[in-house]
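Here's the letter readout for the chains.
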Amino acid sequence: MIRKVYFMYPMKLSPVYKEYLWGGRELERLYGKSGEGLCTAESWELCCHPDGQNKIVNGRFKRQFLSDIVKEFPEYVSPDFKPEDKFPILIKFIDAKKNLSIQVHPSDETALRERGEEGKAEMWYVVSAKPRAFLYYGLNRMISREELEKKIQDGTVCEVLNKVEVHAGDVFFIHPGTIHAIGAGAVIAEIQQNSNTTFRVYDYLRKDKDGNYRELQVERAIDVIDRTPVIPSQVFDNNEVRLKSGSLRRLFECDYFSVLRIQVDNGKIKFWCDRSSFHSLLVVSGNGYLEHAGKRYDFQAGDSMFIPAGFGEYYIHGTNEILMSKL
């Protein structure tokens, strides 16, 4: 135990970039995040998944994969986490220069049966939004399976979806089974289950860079879409706490994760990371540093840091906005 405590420190993570045809250059403009492709559609900021794994860029574990470290020290995740367990969440930035495909994510039961991984519940925090940016969120009326299938086939499925205008600071939770899509002009921070299972419903007849239509999974999507109409609404926890040097607001809490919005205004705020869960810090804007046991760890907008469970007391200094996620 002494050896493990000695190696505890805030681990800064390198992003994993994803290039998709709907992505743009906003993540480069906001955070200097630029992959090798024509765009940076997604930047995975906390990921221990076969499709993307962060490396640690500082300290004792520099250049090692975070997934290897939590296997060696599973208590860095939580007391119940075991080396063979799958890391519980995945966090990313998304830049939608164009509309994302209309899609749906399955429940845990369906995803485990068909893909061998968990379902995908996800929370969206709108980082920035251009005028009239929007998202599609659920069906706007009851619809039969046959009619839904017909509307997908003839390209009119958007007519039966809720179209919701979004603004910076908005928060939405997407339940598995809810048909949805992020619209053009939005930059999103997404906290989700550690899954990459998506059933694509409709993609506007777009072709990829090789001239091929992107694969759809219409039949599987229709099987899991909840056809009950929904009234799209933001998550409002209404528990913002004002402090001398900023504020704290709990954005959302579910069975898979909880998310706290931290706003530091030219000062410092004290935190405590107990043994029940790690803390993930995603810096949405501003800059500053984390102070722990007399040591200083600088950060800037776009950085992602993993704080091991049981880390104890630490302070966040500066002027910044941070999303803290934990179990």
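Summary of the structure given here. This one's a predicted model, so the numbers in the text were calculated from it and none came from an experiment. Throughout this document, residue positions are counted from 1 along each chain, in the order its sequence is written. Confidence filtering applies because this is a predicted model: local features only for residues at pLDDT of at least 70, side-chain atom pairs given and counted only at 80 or more, and all residues used for totals across whole chains, interfaces and linings. No hydrogens and no water enter the side-chain calculation; it runs on all heavy atoms of the structure.

### As for the nonpolar core
- If you look at the biggest cluster of nonpolar residues, it comprises 61 residues, and the most contacted ones within it are Met123, Ile262, Phe306 and Tyr314.
- The greatest single-element share of this core, amounting to 7 residues, is contributed by strand β17 (residues 258–273).
- Every residue in contact with Ile262, bar those within four places of it in the chain, is listed here: Ser247, Leu248, Ile269, Phe271, Ile316, Asn320, Glu321, Ile322 and Met324.
- Counting 21 residues, the second largest nonpolar core, distinct from the first, contains Ala181, Val218, Ile222 and Val224. As used here, the term nonpolar core means buried Ala, Val, Leu, Ile, Met, Phe, Trp, Tyr and Cys residues forming a set that is joined through side-chain atoms within 4.5 Å. Three exposure classes are used, based on accessible area relative to the maximum for each residue type with a 1.4 Å probe and protein chains only: buried under 20%, partly exposed in between, and exposed over 50%. Secondary structure follows DSSP: runs of H or I at least 4 residues long count as helices, runs of E at least 2 residues long count as strands, and numbering of each begins at the N terminus. For this analysis, residues touch if any pair of their heavy atoms sits within 4.5 Å.

### Re unusual backbone geometry
- The phi torsion at Leu205 lies on the positive side, around 60 degrees, for a residue other than glycine.
- Its place among the elements puts Leu205 in the loop between β14 (199–202) and α6 (218–224).
- The backbone phi angle of Ala293 is positive, close to 50 degrees, even though this residue is not glycine.
- Among the structural elements, Ala293 can be located in the loop between β18 (279–292) and β19 (295–300).

### What about the pairing of strand β20 (residues 304–307)?
- The alternating pattern of β20 places Ser304 and Phe306 and Met305 and Ile307 on opposite faces, both of which are buried.
- Strands were regarded as paired on the criterion that DSSP finds at least two bridges between them. Taken together, the 2 bridges between strand β1 (residues 11–12) and β20 define a ladder with antiparallel strand orientation. Within the sheet, the bridge partner assigned to Met11 lies in β20 and is Phe306.
- Pairing geometry for β18 and β20, over 4 bridges, is antiparallel. Within β20, the residue paired with His279 across the bridge is Ile307.

### Structural notes on the pairing of strand β16 (residues 246–253)
- For β16, a buried count of 6 out of 8 residues is recorded, marking the element as mostly surrounded by other parts of the structure.
- By the bridge criterion, 3 bridges tie strand β15 (residues 241–243) to β16 in an arrangement that is antiparallel. Following the sheet pairing, Leu243 is matched in β16 by Gly246.
- In sequence, β15 turns back onto β16 through a hairpin of 2 residues.
- Where β16 folds back onto β17 in an antiparallel hairpin, the turn is made up of 4 residues.

### Some remarks on the environment of Asn58
- Looking at the element boundaries, Asn58 is found in the loop between β5 (52–53) and α3 (66–72).
- The class of Asn58 is buried, set by a relative accessible area of 19%.
- Sequence separation between Asn58 and Tyr297 is 239 residues; the distance between their C-alpha atoms is 9.7 Å.
- When neighbours within four sequence positions are excluded, Asn58 is seen to be in contact with Tyr9, Pro10, Met11, Lys12 and Tyr297.
- Between N or O atoms, a polar contact is any pair within 3.5 Å; within protein, one atom must be a potential hydrogen donor and the other a potential acceptor, and residues adjacent in sequence are included only when both atoms are from side chains. A polar contact of 3.1 Å, which involves the side chain of Asn58, links it to the backbone oxygen of Pro10.

### Looking at the packing of aromatic side chains
- What counts as a ring pair is set by centres within 6.5 Å for rings of Phe, Tyr and Trp (its six-membered ring), and what kind of pair is set by the plane angle: stacked under 30 degrees, edge-to-face over 60, tilted for all other angles. Counting across every chain of the model gives 15 aromatic pairs.
- For the pair Phe173 and Phe252, a centre-to-centre distance of 4.2 Å together with 25 degrees between the ring planes defines the contact as stacked. Note that Phe173 is positioned in strand β11 (residues 171–174) and Phe252 in strand β16, a separation of 79 residues in sequence. An identical accessibility class is assigned to Phe173 and Phe252; each is buried.
- Summarising the aromatic geometry, the rings of Phe271 and Tyr314 are spaced 5.7 Å apart at their centres and angled 25 degrees between planes, so their arrangement reads as stacked. Taken as a pair, Phe271 in strand β17 and Tyr314 in strand β21 (residues 312–326) lie far apart in primary sequence, 43 residues in all. Considered together, Phe271 and Tyr314 belong to a single accessibility category, that of buried residues.
- The aromatic ring of Phe7 is capped on one face by Arg60, whose charged end is 4.5 Å from the ring centroid.
- Charge-over-ring contacts are defined here by two conditions on Lys NZ or Arg CZ: a distance within 6 Å of the ring centre and an angle within 35 degrees of the ring normal. The ring of Phe134 has Lys163 sitting right over it, with the charged end atom 4.4 Å from the ring centre.

### Details of the sheet that holds strand β3 (residues 42–46)
- The 6 strands lie next to each other as β2-β3-β6-β13-β8-β11, forming an open sheet whose pairing is antiparallel. The sheet is open, and its two edges are formed by β2 (16–18) and β11, each paired on a single side. On average, each strand axis in the sheet is inclined to that of its neighbour by 25 degrees, with strand direction left out of account.
- Both strand β8 (residues 122–129) and β11 contribute to a ladder of 4 bridges, which runs antiparallel. Its bridge partner being in β11, Trp124 is matched across the sheet by Phe172. Angular values range over 0 to 180 degrees, each being the angle between N-to-C directions of two axes fitted as lines to C-alpha atoms, with helices fitted over their stretch in contact.

### Quick notes on the side chain of Ser258
- Inspection of the secondary structure puts Ser258 in strand β17.
- Excluding residues that lie within four positions of it along the chain, Ser258 makes contacts with Phe252, Glu253, Met324, Ser325, Lys326 and Leu327.

### Things to note about the environment of Ser277
- As for its placement among the helices and strands, Ser277 is situated in the loop between β17 and β18.
- For Ser277, the residues in contact, after removing those within four places along its chain, are Val77, Ala309, Lys326 and Leu327.
- A polar side-chain atom of Ser277 sits 2.9 Å from the main-chain amide nitrogen of Leu327.

### Quick word on helix α5 (residues 145–154)
- Those residues of α5 not exposed but buried are Leu148, Glu149, Lys151 and Ile152. Each buried residue of α5 sits inside an arc of 165 degrees when the element is viewed along its axis, so together they form one side. Residues of α5 that are exposed and angled more than 90 degrees away from the buried face: Glu146, Lys150 and Gln153.
- Directly beyond the C-terminal end of α5, a positive phi value near 80 degrees is found at Gly155. For this quantity, the arc is that covered by the directions from the helix axis to the C-beta atoms.

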